Amino acid sequence: MIEVVDLSLNFGDLKVLKDISFTIDKGEKIAIIGPSGSGKSTLLRCLNFMEEPSSGSIFFEGTDIADSAVNLDLHRRDMGMVFQQFNLFNNKTVIENIMMAPLHIDLHNLRKLKRQNVFFKIRNIFSKDKKPLNEISSDKTRLKMEIRDNAMELLRRIGLEDKRDVYPSTLSGGEKQRIAIIRALAMNPKVMLFDEPTSSLDPEMVGEVLDLIRVLADDGMTMVIVTHEMGFAKEVATRILFMDDGRIAEDSPPDQMFSNPQNPRTKEFLSKVKAL
């Protein structure tokens, strides 16, 4: 599904990512671990092209998104992104936050189809070869209701339907992050990217967010998770990438990574983590 080839990223003279290559198959759960400053979050942001690589290629379903001709907006619709700081809009209610992106896209597509209908109508006036008109619904109210119903179903899945009309400032950190996750799910993505989703949470709120991610993993969602939660990574991930100094130092299944790491730097890092 995703293939990263010789990916590098420089900030001036600072080399943040160095010739990284790896693949992600459909349904895999990839955990990225490593010390702070190793390039984990930067690599994740490159997958969604929120950071533009200096060189290399990122193929998503066969298309190199590093190609300037690629429509990045279309690509980003298929990759849901969840950030450390939630990034909810505080001036909008919970339900409005969830509905924003799908509503914007669907209304845009509706306007596009309506323009196509106008084109076909004009063409048919001057052509003997009549073409059938696109059959579309111009009922924006119904469209909004469908998107709202989907948003409410997502809220019900996480037990927060009673929070639909409140503002994010009234929510706990765990509730905000769960809302951020289902906001990304409302786009019906093919891949979910998580950038340390529990790092801003109090310890007692971490569990409820990790439980939701576990449900997504059990449902077969392809996901890439940057995390410091070693126990969670071992439990959920199908593969773990250990990053150090802008490179992938080790790529292995969880059992091997935690019981028999091959790279000396991996061994050193995990020994310190286990000692904490």
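Conventions and cut-offs
- Residues numbered from 1 in each chain as written.
- Predicted model: local features only at pLDDT ≥ 70, side-chain atom pairs only at ≥ 80, totals over all residues.
- Heavy atoms only, no water.
- Core = buried A, V, L, I, M, F, W, Y, C linked by side-chain atoms within 4.5 Å.
- Buried < 20%, exposed > 50% of the residue type's maximum accessible area, 1.4 Å probe, protein only.
- Helix = DSSP H or I, 4+ residues; strand = E, 2+ residues; numbered from the N terminus.
- Pairing = 2+ DSSP bridges.
- Expected span 1.5 Å × (residues − 1).
- Right-handed = clockwise from strand over helix to strand, strands pointing away.
- Axes fitted to C-alpha atoms, helices over the stretch in contact; angles between N-to-C directions.
- Contact = heavy atoms within 4.5 Å.
- pLDDT = per-residue confidence, 0-100.
- Salt bridge = Lys/Arg side-chain N within 4 Å of Asp/Glu carboxyl O.

Here we take up the nonpolar core. Core analysis: the largest hydrophobic core is formed by 40 residues, its most contacted members being L155, I179, I181, M192, F194 and M223. Looking at this core, the elements with two or more residues in it are α3 (94-125), α4 (140-157), α5 (173-185), β7 (191-195), α6 (203-218), β8 (222-226) and α7 (230-236). Ranked by size, the runner-up nonpolar core spans 28 residues in total, among them L17, I30, V224 and V226.

Turning our eyes to something else, we now look at the pairing of strand β3 (residues 29-33). Of all five residues making up β3, five are buried, and the element is well covered by its neighbours. On β3, burial covers both faces: K29, A31 and I33 on one face and I30 and I32 on the other are all buried. In this sheet, β8 lies alongside β3 in parallel orientation, the contact comprising four bridges. Following the sheet pairing, K29 is matched in β8 by M223. With four bridges connecting them, β3 and strand β9 (residues 239-244) associate as parallel partners. Paired with I30 across the two strands is R239, which belongs to β9.

Now for α5. Between the first and last C-alpha of α5 there are 19 Å, a value that for 13 residues agrees with the 18 Å anticipated at 1.5 Å per step. The buried fraction of α5 is high, at 12 of 13 residues.

This part is about the pairing of β7. The element β7 is largely enclosed, with a buried count of five among its five residues. Here β7 shows a buried face lined by V191, L193 and D195 and a second buried face lined by M192 and F194. Taken together, the four bridges between strand β6 (residues 79-82) and β7 define a ladder with parallel strand orientation. Its bridge partner being in β7, V82 is matched across the sheet by F194. Here β7 pairs with β8 via five bridges, running parallel. When the bridges of β8 are listed, M192 appears paired with M223. You can see the chain leave β7, run along α6 and come back into β8, and the turn it takes is right-handed.

Attention now moves to the sheet that holds β9. Spatially, β6-β7-β8-β3-β9-β10 is the arrangement adopted by the six strands of the open sheet, whose pairing is mixed. Whereas interior strands pair on both sides, the edge strands pair on one side only; in this sheet they are β6 and β10 (247-252). Each adjacent strand pair in this sheet contributes to an overall mean axis angle of 15°, direction not counted. Its contacts with the sheet place α6 against β3, β7 and β8, and it is angled at close to 150° to β8.

Below, the discussion takes up the environment of T63. The topology assignment puts T63 in strand β5 (residues 63-64). For T63 and H75, which are 12 residues apart along the polypeptide, the C-alpha to C-alpha distance reads 9.5 Å. Excluding its chain neighbours within four sequence positions, the residues that come into contact with T63 are I58 and V70.

Turning to the confidence of the model for the protein, a few remarks are in order. For the protein, mean pLDDT is 86; residues scoring 70 or higher make up 86% of the total. Note on residues 118-128: pLDDT under 50 across the span, and 11 contacts to partners over four residues away in sequence or across chains.

The next thing to look at is the pattern of salt bridges. Under the defined criterion, the tally for this structure stands at 15 salt bridges. The salt bridge involving R148 is made with D165; its shortest N-O contact spans 3.9 Å. Note that R148 is positioned in helix α4 and D165 in the loop between α4 and α5, a separation of 17 residues in sequence. For R157, the salt bridge identified is with D219, shortest N-O distance 3.1 Å. Remark: D219 occurs in the loop between α6 and β8 and R157 occurs in helix α4; sequence separation between them is 62 residues. Because the salt bridges share partners, they merge into one network encompassing D244, R265, E268 and K272.

Let us look at the sheet that holds β5. Across the sheet, four strands lie side by side as β2-β1-β4-β5; this open sheet has antiparallel pairing. Since the sheet does not close on itself, it has two edges, and those belong to β2 (14-24) and β5, each with one partner. Where strand β1 (residues 2-11) lies against strand β4 (residues 55-60), five bridges are found, and the strand directions are antiparallel. From the neighbouring strand, E3 faces β4, where its bridge partner is F59. Here helix α1 (residues 40-47) sits on the sheet and contacts β1, β2 and β4; the angle it forms with β2, its principal contact strand, is near 60°.

In this structure, D6 is a non-glycine residue whose phi angle is positive, near 50°. Its location among the elements puts D6 in strand β1. Taking relative accessible area as the criterion, D6 reaches 43% and is therefore assigned partly exposed. Notably, E196 is not glycine yet its phi reads approximately 45°, a positive angle. Mapped onto the elements, E196 comes out in the loop between β7 and α6.

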